[in-house]
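Here's the letter readout for the chains.
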Amino acid sequence: MKKQKSIKIITKYWGEIDPNSLESYRRKSGYEALRKALRQDSEVILQEIIKSGLRGRGGAGFLTGAKWQLAAEKNSSKKYFIANLNESEPGVFKDRLLAENNPHQIVEGLIIAAYAVGATRAFIYLNPCYKKAKMLLENALREAYEKKILGKSVMGSFFELEIEVFEGAGSYVCGEESALVNSMEGRRAEPRKRPPFVCEQGLENFPTVVNNVETLANIPEIILNGADNYRHLGAIDSPGTKLFCIDGSVESPGLYEALLGVTTRELIYDYAGGVQRGKDFLLAQIGGVGGFFAPTGLLDEPLVYGRNTKLALGSGGILVLDKMVDWKKLMVSWMRFFQRESCGKCVPCREGTFRALAILRRLEQGDFSEDDLKDLKKIIWALEKTSFCAFGRFAANGIKEVMRYELVQDFKERLI
Amino acid sequence: MTTQNILLHYSPQRRNLLPVIKEVSREEGFVSETAADLIAKYFNLTRAEVLSAATFYSEVKTKKQPELIIKVCDGANCNLKGSEETLRQIELFLGQKEGDEHNALVKIERVSCFGQCLSGPNVQIGETIYDKIFPDRVIDLLRGYLE
């Protein structure tokens, strides 16, 4: 590890804190940010988060402060706050590790967030596979209630908040905020038409803010050390650090925290120990299934949020692939995933993923025709241009990247 | 626990619908039409509303399930680590394909991701998730369950 940058926010105390003990978190200045926040007006906290430029860590990178403001401005008898821990992107496990290593950081961030927007009920929407995280989070909440950090009077203030864990039921699309809200209402987890946005009209039609838990884990740091400090970390427009899950053909796969603006090359060589011995680097896929490709030419591209980036960062999964990878098999696996997880609301996604899977299976079995290629391109077009939500666009993206970089011989235009 | 008993633990607000159908599915093995009717009546919904939610989620079943369900992770990371080969071994050993429903004792499913990618290929048998289940390990593991 040559020049590993040592600034850590999320993983700072991992391993030092006993995730089962509130006291242990407190010894590392835990809940100090909450104490500081409660002494100020909620509007001040909101402005602080807006000033920090924090972006959502779930994938889209929307400005957290802007989302909060929409909910805070709404005049409503009741507001909800939901911490999104439905993480189900293959190759991404950052939120699970966050909850397993420092559950109180999520809880503290969530309390401050709820205070800033004026929510009195909050939930942690949890992936049902994460049994250990569930146990630790429930324990953390129980301790917080006992110590009067939650309940009628949060730390002796006039602010009242209740948090409970809501276990999902195994659906990828629930990570999308409007689908998540539908599932909490006991409906099919299909995304809703927007506007109205969830932060204006969400759970039970009350304003509801849904934030990824990694986003929330940044809040105590921002409150304690100030937005000005925070916005100078990382990249312009994408401040702070990000958790990356690096897997595939690297020497030390794992979870690493790096400042935003880090390059894929740095992540592979300075953090993950470089490409595995005896393997030939081909490319890294950024952002999970359906993510963009970073071949050697794009390895020095900074990883940031925003529209102008060539490599959408997504939720932070990085899969390093070597030249031996079986593309046909991998594409079938991707498409099986998209077909299985498609919610079925819109036709392009429901039928498109199904048909694309059939075509890719034929490709895998060596029975791929000229017409299949034409059809696949049409399906990709339809998925990309006409799907109801981003899920369909992702389903198309991976295959499109394989075509763009001409990784499969059969995809090359053939002369008749 | 019967559906009736489960309902006693929840107030009839929509936010409790998913927890209820999950618990019924877990306790009784699946959400039957009779159970769906009871739930619908309690929540003041129609049977269609209850079943439309129940049929959506992979954790909720609406058909009788085999005693043992083997879930093989099909996420890209596990796939690269060889989960397909593990799945093949399981299929050969049990003499049935992934998704087959003719065997009342065992069913094999592909699932999306357990979030344990570093230690893949991951396989869940019953309630337990096992990691690093390469093709050579899976048969011994299964024998322990089937005998």
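Quick caveat: nothing in here was measured; it's all calculated off a predicted structure.

(A) Geometry of the overall build of chain A. When helices and strands are counted, chain A shows 15 helices and 11 strands. Here the C-alpha atoms of chain A give a radius of gyration of 22 Å, agreeing with the 22 Å that 2.2 N^0.38 yields for 416 residues. A principal-axis box enclosing the C-alpha atoms of chain A has dimensions of 75 × 50 × 35 Å. The burial tally for chain A puts 53% of its 416 residues in the buried class.

(B) Broad picture of the sheet that holds strand β3 (residues 123-125) of chain B. Residue and element names in this part refer to chain B. In spatial order, the strands read β2-β1-β3-β4; together these four strands make up an open sheet with mixed pairing. If you trace the sheet from one side to the other, it starts and ends with β2 (106-111) and β4 (128-130), each paired once. The average angle at which neighbouring strand axes cross in this sheet is 20°, direction not considered.

(C) Inspection of the interface of chain A and chain B at higher detail. Counting residues at the interface gives 36 residues for chain A and 27 residues for chain B. Secondary-structure elements contributing two or more residues to the side of chain A that touches chain B are α8 (177-184), β7 (241-248) and α12 (327-341) of chain A. The element best represented in the side of chain A that touches chain B is α12 of chain A, accounting for eight residues. Taken together, the residues that form the side of chain A that touches chain B break down as 15 nonpolar, 10 polar and 11 charged.

(D) Examining the environment of glutamate 406 of chain A more closely. Assignment of secondary structure puts glutamate 406 of chain A in the segment after α15 (390-404). Beyond its immediate chain neighbours, meaning those up to four positions away, glutamate 406 of chain A contacts Phe411 and Lys412 of chain A.

(E) Broad picture of the sheet that holds strand β3 (residues 162-167) of chain A. Residues and elements named next belong to chain A. The four strands lie next to each other as β3-β2-β1-β4, forming an open sheet whose pairing is parallel. Unpaired on one side and paired on the other, β3 and β4 (208-212) mark the two borders of the sheet. Ignoring which end each strand starts from, the neighbouring axes of this sheet average 20° apart. On top of the sheet, helix α6 (residues 103-117) reaches β1 (80-85), β2 (121-126), β3 and β4; it is set at about 150° to β1, its chief contact.

(F) A look at the domain arrangement of chain A. Residue and element names in this part refer to chain A. Each assigned domain of chain A is listed here: domain 1 (22-232), domain 2 (237-322) and domain 3 (327-411). In this structure, domain 1 and domain 2 have C-alpha centres spaced 27 Å apart. Contacts between domain 1 and domain 2 engage 19 residues on the former and 19 residues on the latter. Contributing elements (two or more residues each) for the side of domain 1 that touches domain 2: α5 (94-101), α9 (213-225) and α10 (227-231). Classifying every residue of the side of domain 1 that touches domain 2 by side-chain character gives six nonpolar, seven polar and six charged.

(G) Spotlight on the nonpolar core. One finds Leu110 and Ile112 of chain A together with Ile21 and Ile39 of chain B to be the most contacted residues of the largest nonpolar core, which totals 168 residues. Residues within four places of isoleucine 21 of chain B in sequence aside, it is in contact with Val31, Ile39, Val50, Ala53, Ala54 and Val60 of chain B.

Definitions and cut-offs
Residues numbered from 1 in each chain as written. Chains lettered and ligands numbered in written order. Predicted model: local features only at pLDDT ≥ 70, side-chain atom pairs only at ≥ 80, totals over all residues. Helix = DSSP H or I, 4+ residues; strand = E, 2+ residues; numbered from the N terminus. Rg over C-alpha atoms; globule rule 2.2 N^0.38 Å. Buried ≥ 20, exposed ≤ 12 C-beta atoms within 10 Å, placed from the backbone. Pairing = 2+ DSSP bridges. Axes fitted to C-alpha atoms, helices over the stretch in contact; angles between N-to-C directions. Contact = placed C-beta atoms within 7 Å. Nonpolar A, V, L, I, M, F, W, Y, C, P; charged D, E, K, R; others polar. Domains from an automatic or database assignment. Core = buried A, V, L, I, M, F, W, Y, C linked by C-beta atoms within 7 Å.

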